[in-house]
Structure formats: C-alpha cells, structure tokens
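A look at the structure
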Amino acid sequence: MSNWLIYRTFWDLTVSGLVLGLIYALVALGYTMVYGVLRLINFAHSEVFMVGTFGVLVSLTKVFGIPLFEGGQYPFRTGFVLVGILLASLLIGMFVSGVGAIAIERIAYRPLRGAGDVYGAVALAFITGLILSFIFSSDIGLNLIIAAVVAGPLSILYLRIFKRGRQAPRLAFLISAIGVSMALAEAVAIWGPDERVVYQTPRILEKKVLFTFFGAHVRIDYVIVAVGAVLMMTSLLLFVNRTRLGRGIRAVAQDAETSRILGVNVDLVILVTFLLGGAMAGGAAMMFTLVYDQTRFNIGFLLGVKSFTAAVLGGIGNIRGALLGGVVLGLAENYGSAVFGGQWKDVIAFIVLLVVLMFRPTGILGESLAKARV
Amino acid sequence: MKKFWKLAATAAAASLIVAACGGSDSASDTTSAPKDCAVSLGLQFPETGDAANLGAPMLKGAQLAVDEYNAANPDACVTLKTFDTQGDPAKAPGVAAAVIADKSILGLIGPGFSGESKAALPAYEAAGLGTVTGSATNAELQLNGWKVFHRILGNDSVQGPAIAKYIVETLKPASVGIIDDASEYGKGLADTVKKAVGAGVKASDSIDPKAADFSAAVSKMKDANPAVIFYGGYYGEAVKLSKQLRDAGVKATLVFGDGVKDQAGYADAAGPAAEGAIIACPCKDGSADFISAWQAKYKEVPGTYGAEYYDAANVFLNIIKAGAKDRAAVQAALGTYDAAGITKQIKFGANGDATEAATVYIYKVTGGKITYVADVK
Amino acid sequence: MNLTQQFRDITRSVTHGPGVFSKLPKSARWSLVGMLIIAFYFMPYWPNVPVLGWIVNTPGTSFENVLTDQIMVFVLMALGLNVVVGFAGLLDLGYVGFYAVGAYTTAILTSQHASWPWLAALPVSVLAAMAAGVILGTPTLRLRGDYLAIVTLGFGEIIRITANNTNWLGGPRGINNIKHPPNIGPLKFTVLDAKPYWYLGFTIILLVLFVLHRLEHSRVGRAWSAVREDEDAAELMGVDTFKFKLWAFAIGAAVGGLAGSLYATKVAFINPDGFLLQLSILFLAAVVLGGTGNMYGAIVGGFLVAWVPERFRNFDTRRYFVFGCILVLVMVFRPQGIIPRRGSAAGPAPVEGDAQ
C-alpha cells in the first residue's frame with residue numbers, strides 16, 4: 001500500500017468521488033424529505049431507486065429499441081437523437097420512480113397512518129390473493145387471475161378495517177418498509193427481464209474526455225451528472241421554498257397536527273413529498289445507468305444504505321444537508337479506499353459518520369426541513 | 001361491530017396461513033423427471049439468493065445429464081432432487097440432513113460453494129454419502145481428510161500458479177496489477193497469483209462486489225499503469241471492472257480466472273471492453289455434442305460450471321448404470337472411477353481432487369467470443 | 001352482536017395476553033406451563049405428529065436442523081434485541097455485530113488459535129459480546145432515535161468487513177472445525193443428529209427468558225420503560241438514563257453473543273457472509289412482528305421469521321417475495337405485532353426514539 005498514491009491520484013479520486021457523491025445526494029433527498037415530513041426512515045426508498053434504473057433500462061431497450069451492442073461496438077447516438085433519448089429516459093426514470101414511491105406510500109405506509117384508502121385496500125387485497133394463488137399454481141397468468149378474483153371481495157373487507165385506522169407505532173412503519181422493499185426487489189428478480197448477473201444498459205453516450213483537471217479526466221457523463229444533479233436539487237429547493245405546496249411541506253414538517261387544523265391537506269402533502277423524493281431517485285437512477293451502464297434487482301440495497309448515511313451525515317430532514325452529506329461521503333470513500341485499500345471502503349464511510357455524529361449529533365448542517373432556506 | 005371486522009381479518013389471515021401450509025405439500029417437485037424412479041441424485045446449490053445466477057448453470061448441467069440418461073434408460077430412471085442453500089453455510093447443515101434422510105439419494109452433486117461445503121461435508125462424511133463438486137475450488141477442502149469429497153476441477157492452488165506462469169512466461173509484462181473481490185474464491189485465487197508472480201506485482205486492491213463504482217481501484221491501476229491486470233472474482237464484477245478500466249483509459253491486458261469464463265455473462269455483456277481479455281480455466285469447453293444439446297434444451301450457450309456439473313452428474317449416472325445400488329457402493333466406485341468426461345479424463349486422487357485437474361486452459365476473447373488459445377501444465 | 005361476543009371470548013387469550021390463563025388455579029397454571037415446556041423440548045419430533053407435523057414440517061430441508069440453525073438463533077436474537085428495542089426503546093440496526101462477535105470468539109478459541117472446549121469458550125464469547133456492546137454504546141448512546149439506528153448499522157458492517165479482511169480471523173475463508181459441545185450423559189453432540197443441540201438450545205432459551213423476565217420486573221426494567229416512554233422526563237426524575245441504556249445494550253449484546261456461540265458450535269463453520277446486514281434487519285423484523293416489548297412476542301416473531309422462508313421452500317424463488325408481502329400485511333393489520341406488549345394493545349403506542 002503506497003501512501004503517496006492519494007497525492008498522485010488525488011484529482012482523479014476527487015472527480016469520481018464527486019460524481020458518486022452527487023448520486024448519493026439525489027437518492028438521499030428522498031430519505032431526507034420523507035424523514036422531515038413523517039419522521040420515518042423510508043427503508044423502501046432504495047427500491048424506488050432500483051425500480052427507476054429498470055425504468056431506464058426498459059425505456060432504452062424496449063421503447064427506443066437500442067441493442068446492447070451494434071456490431072461489437074457500443075450503440076452510440078449523436079446530436080439531437082442522443083439528447084432526445086437522454087431526456088426521455090430521464091423523464092421515464094423519474095416517472096417510474098415517482099409512481100413507485102407513491103405506490104409504496106399507499107400500500108405500506110398510509111394504512112399504518114390510519115388513513116388507508118381504496119387504492120391501498122385493493123393493492124393489499126391483490127397481493128394477498130397473489131400469495132394465496134401460489135399455493136395452487138406456479139403459472140403467473142393463472143396467479144394473476146386468481147389474485148384479481150380474490151382482490152374484489154377482500155378489498156371491501158380491508159377497507160372496512162382501514163375505516164377505523166389508528167396510528168401505528170413507528171417501528172411498524174420500518175418493518176412494513178422492509179417488507180415492501182424485499183418484495184419489490186424479489187419481484188424484479190423473478191418477473192423482471194431475463195435474469196443474468198447484471199443487466200447491462202445500452203451505452204448511447206460516448207464517454208469522451210471533455211477536459212483534464214490537474215491530470216484528472218473529466219468525462220462528458222460526469223459533467224452531465226454534475227449539471228443535472230445541481231439543477232434538480234435547485235429546482236427542488238425552489239419548489240419547497242417558493243410554492244404553496246412547498247410551504248405545505250414545510251408546515252407539515254414542523255407540526256403535522258397544527259397544519260391539519262390550519263387547513264393544510266396533510267395527505268396531499270405527504271403524497272407530493274413521496275413523489276418528489278421518488279422523482280429525485282429516478283433522476284439519480286438515470287444518471288447512475290449513464291455512468292455505470294448497469295442495474296440489478298439488488299442494486300438498491302447498498303446504495304440505499306449509503307444514501308441514508310449521506311442524509312444523516314448532512315443532517316437528516318435537511319435538503320442542503322443531503323447534498324453536502326452525499327458529496328462528503330463520496331469523496332471520503334474514494335480517498336479512504338486509496339489510502340487503506342478498497343476493501344475498507346464501507347468501514348471508512350461509517351467511521352466518518354460516527355466521527356461527525358460525535359461532534360455534531362444531528363449531522364453537519366443539523367436537521368430541519370421546516371427551516372430550509374435557499 | 002369494530003371488533004368483529006378485526007377478528008374476521010385475523011381469521012382470514014389465519015386461514016391464509018393454514019391454507020398455505022395445506023396446499024404446499026401438493027405442489028409439484030421442481031424436477032422434470034418421472035416420479036417413479038427408485039434411485040435419485042441430490043444437487044446442493046444456490047438456487048435463490050444473490051448467487052442464484054451462478055447456481056442456474058449448475059442445475060442446467062446436471063439436469064441435462066440426468067435427462068439424457070433417463071431418455072437412454074427408460075426402465076432404470078434416476079431423479080434429480082434439488083436442494084437450495086442460497087450458498088449460505090447456515091442453511092447447509094439442514095439441507096445436508098435432508099439429503100441424508102432421503103434414502104433414495106445415492107450421491108450428491110455439489111455443494112456449489114466452498115463455504116457451504118465446509119458446513120455440509122462433515123455430515124456427508126459421517127453418513128458415507130459420496131459427493132462430487134464441479135465448482136467449489138477452495139484450495140483447502142481436499143486437506144480435511146473427507147473420504148466422500150470429490151472435485152472434478154482444479155483448485156485455486158493449481159489455477160493460481162498456472163495463471164501466474166502464463167502471465168510471466170507468455171505475456172512477459174513489465175509489471176502486474178492485481179484486484180480481487182474480497183470473496184473466498186476471488187481473494188484466494190488473487191493471493192496465489194500474487195505470490196507466484198512475486199516481485200512483478202506493482203499494485204493491488206480489493207473491491208466490494210456489491211458496489212457499482214470501482215473508481216478507487218481504477219485510479220490505483222491507472223496510476224501504477226501495469227501491463228497486465230489480474231482480477232480474481234466472478235463475471236458480473238469482471239464486466240463492470242473491465243468497462244470502468246477501459247473508460248478510464250487503462251490499456252493493460254486483463255486476465256481472469258475460471259469464474260469469468262462465461263460467454264453470455266462476460267464476453268457478451270462487456271462487449272468492446274472484454275476484447276483481448278485472457279481467461280484461464282481448469283476446464284475445457286465441453287464437447288460439441290454437449291454444447292448443441294445444451295443449446296437445444298436451454299436456448300443459450302452453456303454458462304460457468306455448466307459442463308462441470310454435467311460431468312459430475314454423469315460420474316454418478318455411470319456408477320449407477322454399472323450396478324451400484326447403495327451409497328456405500330457408489331462411494332466405493334468413486335474411488336476407482338476412471339472414465340472420459342467432456343471436460344477431462346475423470347479419475348480422483350486420494351485426496352478427492354481429480355488427477356487430471358492439473359492442466360489449466362487459456363482462453364482469449366477474440367471478436368466477442370471466448371476462444372481457446374493454449375494449455376498451461 | 002352475540003357472534004362478536006363469542007369471537008371475543010374465544011380469542012381473548014390470544015389478543016389480550018393470559019387473561020383466561022390467570023384465572024386458572026395455580027396448580028393448573030403450573031402444570032399447563034410444564035406441559036408446554038415438555039412439548040417444546042419434543043419439538044424436533046413435531047413433524048411426526050399428524051396435522052401438526054403437516055403444518056410445521058419444512059420440505060426440502062431437515063426440520064430439526066432448521067430448528068437449531070435458524071429458529072434457535074432467531075428466537076435468541078429476538079429475545080436479546082427485544083431488550084434493546086422493546087424494553088429500552090433504542091433502535092439497533094447492527095445487532096448482527098454482537099452475534100458475529102460471539103460466534104467469532106468461540107471459533108477463535110476452539111479452532112482457529114486455541115483448542116479450548118466449547119464450555120470454556122462460551123462464557124468468554126458472551127463477555128466479549130458484552131464488551132463490544134459497551135464499546136459501541138459508550139460513544140453512541142448519547143445519540144437519539146434514528147441517528148443511533150444508522151450508527152449501529154455501521155457498527156454491524158464494520159465487524160463483518162473487518163472479519164472478512166483480517167487473515168487472523170480467517171478472512172473470507174471463514175473458520176471451520178469449531179468444536180462441538182461435550183457429550184452430556186446420553187446426549188451426543190454429533191454432526192448427524194441435531195436434536196441434542198435443540199435440547200441444549202431450548203434450555204438456554206428458557207434460562208434467558210427467566211433472567212430477562214426477572215430483569216423486566218426489577219428496578220432496571222422500570223428504568224428502561226421510563227427511558228422508553230419519555231427519556232427527558234426520566235432524566236428529570238433522576239434516572240441515570242445513560243447508565244440504563246448502556247445496561248440494555250450490554251445485556252442485549254450478551255444474549256446476541258450467546259446465540260452466536262451456539263450457532264458456531266452447531267454448524268462448526270462460520271464465515272463473514274453469515275453476518276450480513278440483512279440479518280440485523282430480519283432480527284428487528286422478528287421483534288416487531290412478534291410484538292415489540294413482549295418477550296413471548298419476540299419468541300413467536302423469531303420463530304416465524306426463521307421458519308416461514310424454510311416452510312415455503314417449494315415456492316422456490318418466490319418465497320422471499322411472499323415473505324416480504326407477509327411482513328407488510330401483518331404490519332398493516334396488526335401494527336402492534338402478533339402478541340402486543342401488555343397494556344399497549346389499546347391507546348397510542350409509545351414513540352420509539354423520536355428525534356424531536
């Protein structure tokens with residue numbers, strides 16, 4: 001192990017650490033916003049990200065029909081076609097993740113808040129039917145039919161139970177979240193595209209080196225991630241600070257009960273919070289596939305843990321904290337790996353977290369979605 | 001009224017569980033062989049979990065051999081019974097006990113991984129049930145004195161020095177970089193290569209196979225700029241690593257071990273980044289008949305360890321065909337077994353390792369295809 | 001609503017704890033408990049009982065090994081974690097770390113670097129895990145709620161990664177040939193028969209249950225519930241909250257170390273992949289599923305989390321999908337867990353470690 005390595009490769013490590021850190025930060029936003037509003041670790045957020053990468057994969061291969069390779073080379077596109085496809089896959093990724101986040105909220109959280117509605121009841125009844133159908137058949141078509149038949153009457157029953165909903169203890173949310181993330185990852189593994197170890201996403205952007213920065217190659221995909229991430233975060237901050245709904249989010253983050261009395265539609269605010277967090281994760285998913293060309297059913301887990309770490313590091317519930325935490329974590333991991341060896345990467349990440357929390361028990365910037373300022 | 005609905009829901013949940021229990025016994029066996037076979041073989045492998053992708057070709061290879069056997073011997077058929085461990089040693093003793101308790105099982109194909117082998121083999125040894133693995137390459141397994149342990153491919157202590165020999169004598173690089181995935185297989189192999197190459201190793205690093213970003217290791221290699229980079233690990237990470245190394249402008253020749261010899265999993269997935277990569281493996285491609293039979297059955301090219309598991313299943317099938325009727329006879333016959341498999345002449349030494357496993361075959365990715373180039377003894 | 005009343009009467013013992021049970025005369029109660037204990041000692045034979053066997057048996061693997069390798073471990077871990085999460089209200093997502101410390105200590109002392117008998121290694125393993133609990137707890141227990149969760153999660157990962165990258169601890173290869181317990185009279189601890197391990201393990205579960213029961217109803221237990229319900233108020237009332245939180249951590253860790261040592265001696269082989277972060281999450285799921293703060297709930301939860309995936313092996317690859325869905329369904333329809341903490345079945349639940 002050479003300790004001088006970090007000096008020789010410092011800028012290289014900085015550039016790639018920043019890129020990874022920004023992706024952490026985008027995913028961390030989802031954790032932070034949900035935490036700010038509901039005081040809940042949204043453990044299933046990692047799978048929101050995972051679903052987004054699959055949205056991007058399917059949009060590239062199925063919607064745009066791009067093969068993995070063309071004649072042994074990457075299927076590079078150029079000009080407006082490239083920009084169009086990139087933007088479209090970004091929007092699809094954000095849409096899929098956003099919808100995924102809302103669905104998780106409806107199915108796994110809202111009934112626990114004592115506010116279960118008809119969508120949640122139908123979805124849960126359908127899931128119950130699906131599990132029951134596995135007993136009789138392993139044919140997925142038949143499973144779906146049985147599930148649909150069972151879902152009808154069962155959802156009426158479920159809805160009756162929801163009607164007298166009570167707030168569940170916080171740990172119940174956590175376990176529900178763990179259950180839904182396990183089910184989502186497994187569902188993608190079982191019924192997703194043909195299983196092989198890693199799903200490669202087609203590389204349509206030629207990763208040219210735009211310029212060198214103290215000897216470090218700054219590639220075009222890195223620049224897109226940096227610009228995209230900063231743009232997305234700025235718009236999010238503007239939304240939270242400048243719009244009516246954003247004010248609602250801040251109000252609920254400060255005091256949900258008082259906000260409800262004052263006429264804030266708390267359920268709508270929660271829905272929007274999940275949607276925004278999901279969309280940010282979807283954006284991260286698109287950028288992730290752009291840089292790393294890959295996804296897998298279990299890709300969310302580790303990235304989710306790291307992003308949550310980043311959120312806590314920066315100060316959970318704090319939007320700017322998520323950005324700072326992500327970048328600090330990405331850089332610390334890269335520098336630490338260079339000094340101590342890559343096998344210690346996660347140890348370094350957690351020790352950085354521990355040390356920061358020792359001195360600042362609520363993260364670098366402290367926790368406050370309510371008091372978010374631009 | 002409120003309570004009533006709550007109770008109704010509880011009752012529904014309870015009936016769900018009871019119904020689930022009742023129905024599950026009637027669910028069909030996962031194997032496709034006829035049900036009335038008197039004799040069966042066990043397969044202990046990771047069917048689910050994170051390593052399921054490595055388990056799939058094991059099942060396909062063994063199933064192909066059993067199906068061919070049953071087609072040729074319709075009146076003395078053999079069932080393949082699968083036992084999923086998820087590659088997890090904690091699940092292995094339970095599975096081993098179930099295998100041992102099933103008296104129709106005369107031999108066990110597997111275990112798939114070295115870790116589960118260490119947890120399960122003491123039980124197989126005590127029960128006298130012969131095992132043949134085609135994938136657990138840990139270099140210490142054969143040293144435990146287990147008589148039932150047999151392995152039809154070279155272990156890491158054979159592969160490592162052979163790879164090092166090929167690197168040093170044929171590629172003749174100025175310097176070598178070594179990366180491993182911190183797994184038992186990857187690190188074990190990388191360490192033996194590192195030791196055998198010796199002073200030529202200029203940089204080494206480990207990566208976390210579950211991570212997506214290997215930029216620290218890539219930066220390290222870029223800085224050291226070795227002419228050859230060896231990676232110890234499986235094909236999934238080899239794809240990611242190859243791409244990231246090439247994207248960073250690293251031009252070194254990439255060298256891999258047997259865990260990467262997978263046409264669809266590596267060469268087809270990494271595309272241009274895989275071009276020119278060297279893959280060493282103590283395994284042959286398998287015969288043309290085998291490859292076409294596999295393609296006819298599964299509509300894909302054989303995956304990693306597929307040919308080994310086809311061979312492992314055939315070892316047992318040949319023994320059963322020759323008249324072995326119980327576990328003791330099968331285990332005794334394994335000791336004297338000597339017949340051609342599709343990957344090599346199969347004959348087990350005293351420690352359970354195949355005697356012909358000392359040869360390592362070198363392949364190269366040329367034009368997107370993994371093609372044979374040379375032997376290293 | 002006659003029907004409702006009937007349902008309520010029938011299910012009261014399930015939903016409201018031992019209501020009917022406590023009305024029985026003392027002798028009847030003790031003989032009932034005694035019979036239950038004996039029935040559980042015979043658990044390895046349950047698959048041979050009609051109906052019951054058909055429900056519990058695990059096709060595709062051996063039930064008695066599932067009992068020792070999975071159920072015993074999960075029940076003990078759930079009991080230990082319940083002290084931390086249920087009694088003291090501290091969210092610990094790195095509980096697998098203590099399990100690893102216990103297992104590794106046993107492995108090192110009986111196989112890797114020494115050849116102690118297992119009985120000598122057991123107390124050392126428990127103490128080592130306890131020490132790890134104190135070492136982790138001292139700097140971190142001043143953190144609140146979810147901050148503690150992520151820090152403990154990190155701790156669990158640090159233990160696993162350190163074991164994976166340290167040759168002295170066997171590295172990724174792990175440690176095998178861990179010693180079995182000594183034979184006790186007719187009980188022979190071999191690789192082929194898992195039943196003696198269950199007799200040993202169940203005895204230990206009973207002992208742990210007894211000790212924890214005494215603790216719960218002692219001054220320490222009352223201090224824990226004060227800390228759990230309102231830490232600031234407890235502090236004001238003069239409870240040394242830090243000390244009692246550290247106690248909870250150390251005792252929880254000790255039970256975790258005990259489970260680790262038992263697991264190591266049973267399977268005789270450990271490697272770092274046996275201590276993944278996912279296990280911590282499953283342990284927590286066991287506690288909450290059973291009923292946070294209720295030891296009998298923890299036992300039921302531990303049993304279910306360990307047993308369900310093994311029971312539904314013939315769902316093949318879909319079994320973890322089913323398991324995840326079941327977690328959601330149970331939490332939606334029974335958020336307090338299967339056997340809720342006594343006195344908390346109605347009314348608002350305590351808020352664990354609110355960061356506010």
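Okay, so let's go over this structure. (Residues numbered from 1 in each chain as written. Chains lettered and ligands numbered in written order. Predicted model: local features only at pLDDT ≥ 70, side-chain atom pairs only at ≥ 80, totals over all residues. Heavy atoms only, no water.)

Re the interface of chain A and chain C
Many structure descriptions define interface size as the accessible area lost when the parts assemble. Put simply, the rule reads: Two residues qualify as a contact provided that any one of their heavy atoms is within 4.5 Å of a heavy atom in the partner residue. The term buried area means the drop in 1.4 Å probe accessible area that two parts suffer when joined, counted for both and summed. Salt bridge criterion: a side-chain nitrogen from Lys or Arg within 4 Å of a carboxyl oxygen from Asp or Glu.
Contacts between chain A and chain C engage 59 residues on the former and 53 residues on the latter. Summed over both partners, the interface of chain A with chain C buries about 4800 Å², with 79% contributed by carbon and sulfur atoms. Interface area lost by chain A to chain C is led by Arg 170, Leu 171 and Ile 175 of chain A, which between them contribute 13%. Our count for the chain A to chain C interface comes out at 1 salt bridge.

Regarding the side chain of Thr 137 of chain B
Basically, it comes down to this: Every helix listed is a DSSP run of H or I at least four residues long, and every strand listed is a run of E at least two residues long, numbered separately from the N terminus.
Examined against the element boundaries, Thr 137 of chain B turns out to sit in the loop between β4 (131-133) and β5 (149-151). If we ignore the near neighbours within four places in the chain, the residues touching Thr 137 of chain B are Ser 114, Arg 151, Leu 153, Gly 154, Asn 155, Asp 156, Tyr 185 and Asp 258 of chain B.

Details of the environment of Lys 202 of chain B
Residue and element names in this part refer to chain B. Short version of the rule: A simple rule labels every residue: compare its accessible area, found with a 1.4 Å probe on the protein chains alone, to the largest value its type can have, and call it buried under 20%, exposed over 50%, or partly exposed in between. A 3.5 Å cut-off defines polar contacts: any pair of N or O atoms within that distance qualifies, except that in protein one atom must be a possible hydrogen donor and the other a possible acceptor, and neighbouring residues in sequence count only when both atoms are side-chain atoms.
Note that Lys 202 resides in strand β7 (residues 201-206). Residue class for Lys 202 comes out exposed when judged on its relative accessible area of 54%. Residues Lys 202 and Ile 178, 24 residues apart in the sequence, show an inter-C-alpha distance of 8.2 Å. Non-local contacts of Lys 202, meaning those with residues more than four positions away in its chain, are made with Ser 175, Val 176 and Ala 224. Polar contacts involving the side chain of Lys 202 include one to the main-chain carbonyl oxygen of Ala 224, which spans 2.9 Å.

Considerations on the environment of Phe 301 of chain A
Relative to the helices and strands, Phe 301 of chain A resides in helix α12 (residues 299-314). Overall, Phe 301 of chain A belongs to the partly exposed group, its relative accessible area being 21%. Separated by 254 residues in sequence, Phe 301 of chain A and Glu 47 of chain A have C-alpha atoms that sit 7.4 Å apart. Non-local contacts of Phe 301 of chain A, meaning those with residues more than four positions away in its chain, are made with Ser 46 and Glu 47 of chain A together with Leu 277, Gln 278 and Ile 281 of chain C.

Concerning the packing of aromatic side chains
Residue and element names in this part refer to chain B. Filter applied, for reference: Aromatic rings from Phe, Tyr and Trp, with only the six-membered ring used for Trp, were paired whenever their centres fell within 6.5 Å, and each pair was classed as stacked if the ring planes differed by under 30 degrees, edge-to-face if by over 60, and tilted otherwise.
According to the stated counting rule, one finds 43 aromatic pairs over all chains in the structure shown. Ring centres of Phe 290 and Tyr 310 lie 4.7 Å apart, and the angle between their planes is 50°; this geometry places the pair in the tilted category. Of this pair, Phe 290 sits in helix α10 (residues 288-298) while Tyr 310 sits in helix α11 (residues 306-321), and the two are 20 residues apart along the sequence. Each member of the pair, Phe 290 together with Tyr 310, is buried.

Points about the packing of helix α10 (residues 219-229) of chain C against helix α12 (residues 241-267) of chain C
All names here are of chain C. Note the cut-off: Here the axes come from fitting lines to C-alpha atoms, over the contacting stretch only for helices, and the angles between their N-to-C directions go from 0 to 180 degrees. Each angle receives one of four descriptions, namely roughly parallel if under 35 degrees, roughly antiparallel if over 145, roughly perpendicular if within 65 to 115, and oblique otherwise. Residue classes follow a fixed rule: Ala, Val, Leu, Ile, Met, Phe, Trp, Tyr, Cys and Pro count as nonpolar, while Asp, Glu, Lys and Arg count as charged, and any other residue, Gly among them, counts as polar.
Between α10 and α12, whose axes approach to 10 Å, the crossing angle comes to 110°. In terms of orientation, α10 lies roughly perpendicular with respect to α12. Here Arg 219, Val 220, Ala 223, Trp 224 and Val 227 of α10 come into contact with α12, specifically with Thr 241, Phe 244, Lys 245, Trp 247, Ala 248 and Ile 251. Looking at the contact of α10 with α12 residue by residue, the class counts come to 8 nonpolar, 1 polar and 2 charged.

Observations regarding the pattern of salt bridges
All chains considered together, the criterion is met by 36 salt bridges over all chains. A salt bridge links Asp 346 of chain A to Lys 306 of chain A; its shortest N-O distance comes to 2.7 Å. On the criterion of sequence distance, the pair formed by Asp 346 of chain A in helix α14 (residues 345-359) and Lys 306 of chain A in helix α12 is long-range, its members being 40 residues apart. Accessibility assignment for this pair places Asp 346 of chain A and Lys 306 of chain A in one class, buried. A salt bridge links Arg 173 of chain C to Glu 140 of chain B; the shortest N-O distance between them is 3.9 Å. Of this pair, Arg 173 of chain C sits in the loop between α8 (145-164) and β1 (175-176) while Glu 140 of chain B sits in the loop between β4 and β5, placing the two residues on different chains. Overall, the relative accessible area of 31% leaves Arg 173 of chain C in the partly exposed class. A cluster of three or more residues bridged by salt bridges with shared partners is formed by Glu 105, Arg 106, Arg 110, Arg 113, Asp 117 and Asp 267 of chain A.

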